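# Tertiary structure, described
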Amino acid sequence: MAARLAAQQPGADSGQRRAAQGAGLRQLARAALLDLGVCLFLALLPLLYFWRLFAPNPADQVTVVEGDFSQEYFPVLVTAARALREGALPLWNPYSNGGQPLLADPQSALLYPPTWWALRGIHGFDGDSFLALERLIPLHFALAGVLTYALGRALIGARVGALVAALTFTYSGFMTSYPVQQLPILRTVVWFPLQVLGLWLALERRRPGWAALGGGALGLAILAGHPQTAFLEGVGLSLVAAVWAYQQVASGAPWRRVCWAPAALALLGMVGLGLSVAQWLPTYEFMRLSSRATVGYDFLSAGFRLWEVPLDLLAPRVLGGLPPYVGVLPLVLAAVALALRRPRYHGAAAALAVFGATLALGGHSFLYPALYRLVPGFDLFRQQERAIFLGSLGVALLAGSGAAALAGRLSRPDRRRLGQVARWGRLALAGALALGGALYLGQLGAEVSNQGTQRWRDMVHWYFFFIGLLGASLGLLALRPRLRSARALLPALLVALVAFDLFTVSWETNLDPRRPEEVFRASEIVLRLQAEAGLARAVDQGVLNGNHGLVYGIPTITESFVLHLKRFEEASRRVPQERLFDLLDVDYVVTREPRPEFGQVLVREQFRDLTNLLYQRRGGPGAAWVVPEAVAVARPEEALQALADERFDPRARVVLEAEGGAALPRGGPGSVHGLERGWDEVRLEARAAQGGYLVLSEVAYPGWRAEVDGVEQPILLANYLLRAVWLAPGDHRVTLRYEPPSLQVGLATSLATLAALGCWLVWAGARTLVAGRRGRAR
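Here we summarise the structure given alongside this text. (Residues numbered from 1 in each chain as written. Predicted model: local features only at pLDDT ≥ 70, side-chain atom pairs only at ≥ 80, totals over all residues. Heavy atoms only, no water.)

### Focus: the overall build of the protein chain
Within the protein chain, the secondary structure is distributed over 30 helices and 20 strands. Within the protein chain, the proportion of its 778 residues that are buried is 53%. Intrachain contacts of the protein chain at a sequence separation of at least 6 include 75% that bridge at least 24 residues. Looking at the protein chain as shown, the accessible area adds up to about 34,300 Å², and 60% of this sits on carbon and sulfur atoms. (Helix = DSSP H or I, 4+ residues; strand = E, 2+ residues; numbered from the N terminus. Buried < 20%, exposed > 50% of the residue type's maximum accessible area, 1.4 Å probe, protein only. Contact = heavy atoms within 4.5 Å. Areas by Shrake-Rupley, 256 points an atom, 1.4 Å probe, with all protein chains shown as cover.)

Structure follows, in structure tokens:
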């Protein structure tokens, strides 16, 4: 009684309050340090996972396996770095197919901040430059781990649950399979956990600031360069908002709260689109004119087959692939979560898991055909397997929730439900062991007949590895209710088993035993073209590596560029080959087939058991020329027909597309000299005593402007895919510059959005500060 009375004295009360505040601050500091330690662990873990990429011993060093990483993304960034070194903005790629946009190609990601870091280390096609791009891989795995951990801490709460979720998503089969090679997918997908975090906290706390945070993450994802993944992230966010709104309706919440879901989603979307419009507006313009603009359902609807998803979820290296795999223990933990707990975020996580797995089936399920027909955007992208990342994040969150439930206190009903999960698991283990016995007998039969022995051994090895993981997972479930000491050890055991599972299955999947400096070596053909080609172009028929010679700075023509203009594709199909080569100033052909019609063989070199040939052809009008006469056509089809006419001579006549077939002036012969082709500029001098049409062997594209003697002149669409300018009689200096309005409008809008966000943050911070001072004054 005396102590209580003493505590009620003013002095004692103040002292107790200060002690309580101090204890609370120490507890917060301890929690912050623990979280910081976990984040540091997750940030450094990718360096262990990818240690062989950066091994100090050259004998241990490997590179990313041959594929899109080396043959597409690295050459594009080498090209951008070359432009920057020469003092130009990397807006236009003059090397590919007569020229096409560079910044507007989304996979270049030139407005994405981590790309700037990589560009600082890229100087050419040497090994150090290749390593500079490879460093983006562990960087983005670190981002995925830290951001998923933050999402787990906000939703799950328990530190062990957040860590299990982070490991499961970051090192899932999806993340460690093709995103390692297809860098734009990796760059884009790592921002999805932060988008979900921002949206969920905005919904739960009714704070628009969190929606703005999610919008910032969406903007970064769009800038990261894979439109399909960014689109699917938007679909996933819409699904999360819809599930949350449904839960509010089911709980009887007022409609004002329910309507906050579409409002928060709209705010997030506007911020994301506003910040990234500098990228997606030029990209939309490019895609609209590219070969991808007219693809159909059969091309787009590819996905996993019905048997692949369940098989790959359970045992990916037995018969199937890796992308759907999330680990054996995470699946068991997800089942535990669904059996033991009913938090609100479970609905969103389960919806992401089911929706992602179903959409990844593509045309093999009912979902994608319905979305293709009814929802705009689903008719734009191929390879629906990529949607599996939505399912991976959903399962990861459920696995984290299950880990938190196991590590926490278990009530008697919890123990009963956990026993039911364990019983179902034991039945599954018994069935798996029976199937394993059959596989082992199959291996013995293969060894007797000596047919496919190694394949059978690998299959049985991995199958029993997964059975062992299932047995270990069930052992943890059995251990938890029986031993009190298990509760202290369980978090470490869960984390260790998840990491062991996912690392063992995938860690060498995308590695090739070669050193970075061995990826690109200039061959004799490459050196000859670099020395002699000048402004002329070479046709590459699948010989030159590095995106058809782009990495070496060789101007080439090929239909195999991943993204190219639709008009170029149509001209390649419809215009006679020799005429197309003349129009595009092709002086060289690189092939492996003897083609004497191309002219003289300059270089013959051996590549493994193949022979590479470099031919030199002559006879084209050059990089630019003046013609006296033009014929006007009203439609592109008529232009193609005129070019296909065997009587057509590109030196004497040019085909212009003009409305209504307008009458065109006639000139005379002329000449061109002093032509200089820059990154986003072409300069030349032309003489046309009677006037004439200056035709340039440069592909036409919106955003190019022409000046003749300092006076702007319209650019004419010539010979279906080239540029032309009318010249009055006399001598002229002609300059063409690439200044795309789509980029100018996009940059202005992105900067305005960024400025508006900055002003809003200052206002919100000042408002919070004033409110805090008023509260202390009271």
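### Regarding the sheet that holds strand β20 (residues 730–738)
What the five strands build is an open sheet, ordered β13-β14-β20-β16-β17; its pairing is antiparallel. Every other strand in the sheet has two partners, leaving β13 (671–677) and β17 (711–713) as the edge strands with one partner each. Strand-to-strand twist across the sheet, computed as the mean angle between neighbouring axes with direction ignored, equals 25 degrees. (Pairing = 2+ DSSP bridges. Axes fitted to C-alpha atoms, helices over the stretch in contact; angles between N-to-C directions.)

### Here's the deal with the packing of aromatic side chains
Considering all chains together, one arrives at 34 aromatic pairs under this definition. Ring geometry for Phe-125 against Tyr-552: centres 4.9 Å apart, planes inclined by 75 degrees, an arrangement best described as edge-to-face. With Phe-125 in the loop between α4 (113–120) and α5 (127–134) and Tyr-552 in the loop between α26 (545–549) and β6 (556–557), the pair connects residues that are 427 residues apart, well separated along the chain. Judged by its relative accessible area of 25%, Phe-125 falls in the partly exposed class. The class of Tyr-552 is buried, set by a relative accessible area of 5%. Clustering of aromatic rings is evident, with ring pairs tying together Phe-69, Phe-74, Phe-125, Phe-130, Phe-520 and Tyr-552. Stacked on the ring of Tyr-720, the Lys or Arg Arg-567 has its end atom at 4.6 Å from the ring centre. In this structure, Arg-723 is placed above the aromatic ring of Trp-704, and the distance from its NZ or CZ to the ring centre is 3.8 Å. (Phe/Tyr/Trp six-rings, centres within 6.5 Å; stacked < 30°, edge-to-face > 60°. Lys NZ or Arg CZ within 6 Å of the ring centre and 35° of its normal.)

### A word on helix α13 (residues 227–250)
The terminal C-alpha atoms of α13, which comprises 24 residues, lie 35 Å apart, in line with the 34 Å expected from a rise of 1.5 Å per residue. Downstream of α13 by a residue or two, Gly-252 has a phi angle that is positive, lying close to 80 degrees. (Expected span 1.5 Å × (residues − 1).)

### Describing the sheet that holds strand β7 (residues 586–591)
With respect to topology, five strands assemble into an open sheet ordered β6-β5-β7-β9-β8, the strand pairing being mixed. At either margin of the open sheet sits one strand with a lone partner, and together these are β6 and β8 (600–607). Where β7 and strand β9 (residues 610–616) come together, four bridges link them in antiparallel fashion. Bridge pairing links Tyr-588 to Gln-616 in β9. The sheet strands contacting helix α25 (residues 524–532) are β5 (537–540), β7, β8 and β9, and the helix crosses β8 at an angle near 145 degrees.

### Some details on the pairing of strand β15 (residues 692–699)
Counting buried positions along β15 yields eight of eight residues, so the element is predominantly enclosed. Pairing analysis gives four bridges linking strand β10 (residues 624–627) to β15, with the strands arranged antiparallel. Among the inter-strand pairings, Val-627 is bridged to a residue of β15, identified as Tyr-693. With six bridges connecting them, β15 and strand β19 (residues 722–727) associate as antiparallel partners. Paired with Val-699 across the bridge in β19 is Leu-722.

### Considering unusual backbone geometry
Phi is positive for Asn-97, which is not a glycine, with a value near 55 degrees. Not every positive phi belongs to a glycine, and Asp-585 is a case in point at roughly 55 degrees. Classification of Asp-585 by relative accessible area gives buried; the value is 6%.

### Thoughts on helix α19 (residues 345–359)
A rise of 1.5 Å per residue sets the reference length of α19, with its 15 residues, at 21 Å; its end C-alpha atoms lie 21 Å apart and thus fit the reference within 8%. Three or more residues of α19 are buried, namely Tyr-345, His-346, Ala-348, Ala-349, Ala-351, Leu-352, Ala-353, Phe-355, Gly-356, Thr-358 and Leu-359. Buried residues in α19 make contact with α6 (136–155), α11 (192–205), α13, α18 (328–340), α20 (367–374) and α21 (388–407).

### Topic: the side chain of Glu-569
Within the fold, Glu-569 resides in helix α27 (residues 566–574). For Glu-569, a relative accessible area of 19% gives the class buried. With residues near it in sequence (within four places) discarded, Glu-569 still touches Ser-291, Glu-559 and His-564.

### Things to note about the packing of α11 against α13
Any two packed helices are characterised by the angle at which their axes cross and by the distance between the axes. Where α11 meets α13, the closest approach of the two axes is 10 Å, and the angle between their N-to-C directions is 25 degrees. In terms of orientation, α11 lies roughly parallel with respect to α13. Remark: the crossing between α11 and α13 carries right-handed chirality. Contacts between α11 and α13 involve Phe-192, Gln-195, Val-196, Leu-199, Trp-200, Leu-203 and Glu-204 on the former and, on the latter, Glu-233, Gly-236, Leu-237, Val-240, Ala-241, Trp-244 and Gln-247. When its residues are assigned to classes, the contact of α11 with α13 shows nine nonpolar, three polar and two charged. (Parallel < 35°, antiparallel > 145°, perpendicular 65-115°, else oblique. Left-handed = near helix turned anticlockwise from the far one by under 90°. Nonpolar A, V, L, I, M, F, W, Y, C, P; charged D, E, K, R; others polar.)

### Some details on the side chain of Asn-93
In this fold, Asn-93 is placed in strand β2 (residues 92–93). The exposure class of Asn-93 is buried, given its relative accessible area of 5%. For Asn-93, the side chain forms a polar contact with the side chain of Ser-96, separated by 2.8 Å. Each residue touching Asn-93, except ones within four places of it in the same chain, is listed here: Thr-79, Gly-99, Gln-100, Pro-101, Leu-102 and Leu-550. (Polar contact = N/O pair within 3.5 Å; in protein donor to acceptor, adjacent residues only side chain to side chain.)

### Topic: the pattern of salt bridges
Counting across every chain of the model gives 35 salt bridges. Ionic pairing is found between Arg-153 and Asp-35, a salt bridge with its closest N-O pair at 3.1 Å. Within this pair, whereas Arg-153 is found in helix α6, its partner Asp-35 is found in helix α2 (residues 10–49), the two being separated by 118 residues in sequence. Overall, Asp-35 belongs to the buried group, its relative accessible area being 17%. Where Lys-566 meets Glu-569, a salt bridge forms, and the shortest distance between an N and an O atom there is 3.4 Å. (Salt bridge = Lys/Arg side-chain N within 4 Å of Asp/Glu carboxyl O.)

### Regarding the nonpolar core
Judged by nonpolar contacts, the single largest core of 235 residues is most densely connected at Ile-137, Met-175, Leu-359, Phe-466, Leu-529 and Leu-584. A total of 13 residues in this core trace back to one element, the largest contributor, which is α21. Contacts of Leu-529, omitting those with residues within four sequence positions, involve Ala-538, Leu-544, Ile-554, Tyr-588, Val-590 and Leu-614. (Core = buried A, V, L, I, M, F, W, Y, C linked by side-chain atoms within 4.5 Å.)

### Quick notes on the packing of α6 against α11
It is at 8 Å that the axes of α6 and α11 come closest, and there the two elements cross at 25 degrees. Here α11 runs roughly parallel to α6, going by the angle between their axes. In terms of crossing hand, the pair formed by α6 and α11 is left-handed. Every residue of α11 that contacts α6 at Leu-147, Thr-148, Ala-150, Leu-151, Ala-154 and Leu-155 is listed here: Pro-193, Leu-194, Val-196, Leu-197, Trp-200 and Leu-201. Its residues placed into classes, the contact of α6 with α11 shows eleven nonpolar, one polar and no charged.

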